[in-house]
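Chain residues, written in single-letter form:
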Amino acid sequence: MPVGGLLPLFSSPAGGGLGGGLGGGGGRKGSGPAAFRLTEKFVLLLVFSAFITLCFGAIFFLPDSSKLLSGVLFHSSPALQPAADHKPGPGARAEDAADGRARRREEDAPGDPADALEGNLARIRENHERALREAKDTLQKLPEEIQRDILLEKEKVAQDQLRDKEAFRGLPRVDFVPPIGVVGGEPADAAVREKRAKIKEMMKHAWNNYKRYAWGLNELKPISKEGHSSSLFGNIKGATIVDALDTLFIMEMRDEFQEAKSWIEKNLDFNVNAEISVFEVNIRFVGGLLSAYYLSGEEIFRKKAVELGIKLLPAFHTPSGIPWALLNMKSGIGRNWPWASGGSSILAEFGTLHLEFIHLSHLSGNSIFAEKVMNIRTVLNNLEKPQGLYPNYLNPSSGQWGQHHVSVGGLGDSFYEYLLKAWLMSDKTDTDAKKMYFDAVQAIETHLIRKSSGGLTYIAEWKGGLLEHKMGHLTCFAGGMFALGADSAPASLAPRHLELGAEIARTCHESYNRTFVKLGPEAFRFDGGVEAIATRQNEKYYILRPEVVETYMYMWRLTHDPKYRKWAWEAVEALESHCRVNGGYSGLRDVYIRHGSYDDVQQSFFLAETLKYLYLIFSDDELLPLEHWIFNTEAHLLPVLRPTKKEAEVKEK
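Residues numbered from 1 in each chain as written. Predicted model: local features only at pLDDT ≥ 70, side-chain atom pairs only at ≥ 80, totals over all residues. Heavy atoms only, no water.

Account for the pattern of salt bridges, naming residues and giving values.
Two side chains that carry opposite charge are able to pair once their charged atoms sit near each other. All told, the structure shown has 33 salt bridges when counted by the stated rule. Across the pair Glu219 and Arg284 runs a salt bridge whose closest N-O atoms are separated by 3.5 Å. With Glu219 in strand S1 (residues 219–221) and Arg284 in helix H10 (residues 278–296), this pair connects stretches of sequence that are 65 residues apart. The class for Glu219 is buried, based on a relative accessible area of 2%. When salt bridges that share partners are traced, they join Glu445, Lys451, Arg496, Glu499 and Glu503 into one network. (Salt bridge = Lys/Arg side-chain N within 4 Å of Asp/Glu carboxyl O. Helix = DSSP H or I, 4+ residues; strand = E, 2+ residues; numbered from the N terminus. Buried < 20%, exposed > 50% of the residue type's maximum accessible area, 1.4 Å probe, protein only.)

Which residues make up helix H14 (residues 368–381), and what values go with them?
Taking 1.5 Å as the rise per residue, H14 with 14 residues should run 20 Å; its terminal C-alpha atoms sit 20 Å apart, in good agreement. A large share of H14 lies buried, amounting to 10 of its 14 residues. Of all the residues in H14, the buried ones are Ile368, Phe369, Ala370, Lys372, Val373, Ile376, Arg377, Val379, Leu380 and Asn381. (Expected span 1.5 Å × (residues − 1).)

Give me the packing of helix H7 (residues 190–214) against helix H21 (residues 604–617): which residues, what numbers.
Here H7 crosses H21 at 170°, and the two axes come no closer than 9 Å. As judged from the angle between their axes, H7 and H21 are roughly antiparallel. Counted together, Arg196, Ile199, Lys200, Met202, Met203, Ala206 and Trp207 of H7 and Phe606, Leu607, Leu611, Leu614 and Tyr615 of H21 form the full contact between these two elements. Classifying every residue of the contact of H7 with H21 by side-chain character gives 10 nonpolar, no polar and 2 charged. (Axes fitted to C-alpha atoms, helices over the stretch in contact; angles between N-to-C directions. Parallel < 35°, antiparallel > 145°, perpendicular 65-115°, else oblique. Contact = heavy atoms within 4.5 Å. Nonpolar A, V, L, I, M, F, W, Y, C, P; charged D, E, K, R; others polar.)

I'd like a description of the layout of surface pockets, backed by residues and values.
Considered as a void within the structure, the second largest pocket measures approximately 1200 Å³ in volume. Considering the residues around the second largest pocket, the lining is formed by 50 residues, among which Gly410, Leu411, Leu474, Glu522 and Arg545 are closest to the centre. Counting only elements with at least two residues in the lining of the second largest pocket, the list comes to H10, helix H12 (347–350), helix H15 (413–425), strand S11 (461–463), strand S13 (470–472), strand S14 (523–525), helix H19 (547–559) and H21. Residue composition of the lining of the second largest pocket, grouped by class: 18 nonpolar, 13 polar and 19 charged. (1 Å grid on protein atoms, 1.4 Å probe; cavity = no way out; pocket = protein on both sides within 12 Å on 5 of 7 lines; lining within 4 Å. Points joined across faces, edges and corners; volume = space filled by probe spheres on them.)

Would you mind going over the state of the cysteines in detail, with residue names and values included?
Under the defined criterion, the tally for this structure stands at 1 disulfide. Here Cys476 pairs with Cys508 through a disulfide, and the sulfurs are 2.0 Å apart. Across the S-S bond of Cys476 and Cys508 the torsion is about -95°, and the bridge reads as left-handed. Placement of Cys476 in the loop between S13 and helix H17 (477–486) and of Cys508 in helix H18 (residues 494–513) is noted, with a sequence separation of 32 residues between them. Residue Cys476 is classed as buried on the basis of its relative accessible area, which comes to 0%. (Disulfide = S-S within 2.5 Å.)

Pulling in residues and values, what's your account of unusual backbone geometry?
It is generally the case that most residues other than glycine have a negative phi and that most peptide bonds are trans. Located in the positive-phi region is His560, a residue other than glycine, with phi close to 55°. With respect to the helices, strands and loops of the structure, His560 is situated in the loop between H19 and helix H20 (562–579). Overall, the relative accessible area of 38% leaves His560 in the partly exposed class. Positive phi outside glycine occurs at Leu624, with the angle close to 55°.

And the structure:
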């Protein structure tokens, strides 16, 4: 039980210590430094016992508890193996793909279900008993001791922050390397040139209206013609400006790029007393600033990226080193989303820091950023993976999985993307990332990928061993991921991975094609007689998301099949017909009706991702060649880090 939960029950003799301070002078008066009265002890013990019972009992009474228990307490039964119409790819296997699980077994054969049940129950009993011991220890402490513990914890947080800051007395000099293939790429075909020019005009429309109605704020409300700020960024401003930097650069909108740079120099401030999403601030702000530096060589972008990276380091001050989801930028105090499986961190959030933090170490000359994200990988490699899959929730205090819910869409998606891209960004030297990625893909194909009766391949979600036949718009990025990874796959699997990419691209195109507006819903299902259609009202909206055109971009670059340009242009026409308004571009509340209402938000990622991917589809491959550039999950550009001659020689020895 958190110490703070006990504090209102007592105070210091003067009434101004812990109890008086927290109660604003109205706290209950205590009896001095003496021990608790017997009645207080009884009440506290009763409350704590009820709390433990509630937590333990919740496992059995949560919705879909049968699904949860099947994953937590039992190994999957044969009925949960791939359906008859699903053919695992070459080399697919039923045993676990993760090394961590194999190390915990003394033999290669699957463990006995009864033994597994007994082991899981033993761990639950052990955790329960440990919690009771910790509570008993807390109840036996005097108020002064608890106050001292709190002050010591605060002092530790402050010291950790000071140590992080002292590690950066100044940035080292870095020789800027002129980037490869960051301008040009104009196609020879006049029709393709015209389409590319149209997409650039869309970017100008979005940018000019943001500048006119919401300059300096995070996002634009194009119907209301005013600014929009999400709580994800706390009091940090300028999300659209930072997110759009690299798109402005590659579209050769130089005046607009200079405007953005000038605003950042004068106004971008991270010294705010507010709580932010570590994940969102990292992918949009850190990623956007790093990309702008690598494209332009402007030192202000490197300085701001490292400054923000330092501000994010306190999020890693947890017992396991798995970072908090939310962080107060001033105090350095973190926490997790209250809805996330008992205060767990989320796989797609803590797993989507790696690319940016490796580059922060590269540009700052300090290894602390790389050390933080490499520790995340160590924790993951030491954990047992259910069926070789990575659950979406991990408790940062215990370092153990939360609920066994697996998704390649929301809550899981970019973790897998960053495994592959860490391998590619390292110039194919990070073999640990490569192994983790291909083991994960094998488990995904075995347990999550299915084919509908109509022949559409989709990626279901896994809840405690049972499948939910739903696929999110976010999951559509996976087509591009599978295709991008095909070249690095074992020779026998490479054709299958490229084929998977094409199949997912087709399914996601169908999710667009089966709506009235020809833009896809937030999620679509494959049950109840429907395929690739949203059946619930809260899944029918479209918020200018990029994942489908992202997959089109990779499939075009890797196959040059003209259908991907055709499908991309269909998306352009749909955006112009249904999302463009006088004040910019707006998302839609229902993609299945003719006159649906607007959501009145022009998302910053529309400029960072959706328009950038569309522009690249209608550009020649010489613009941002894939062998030299990696896109972070916000489509920000990070160069492949090739070892220097000296580093290569050392590694060779």
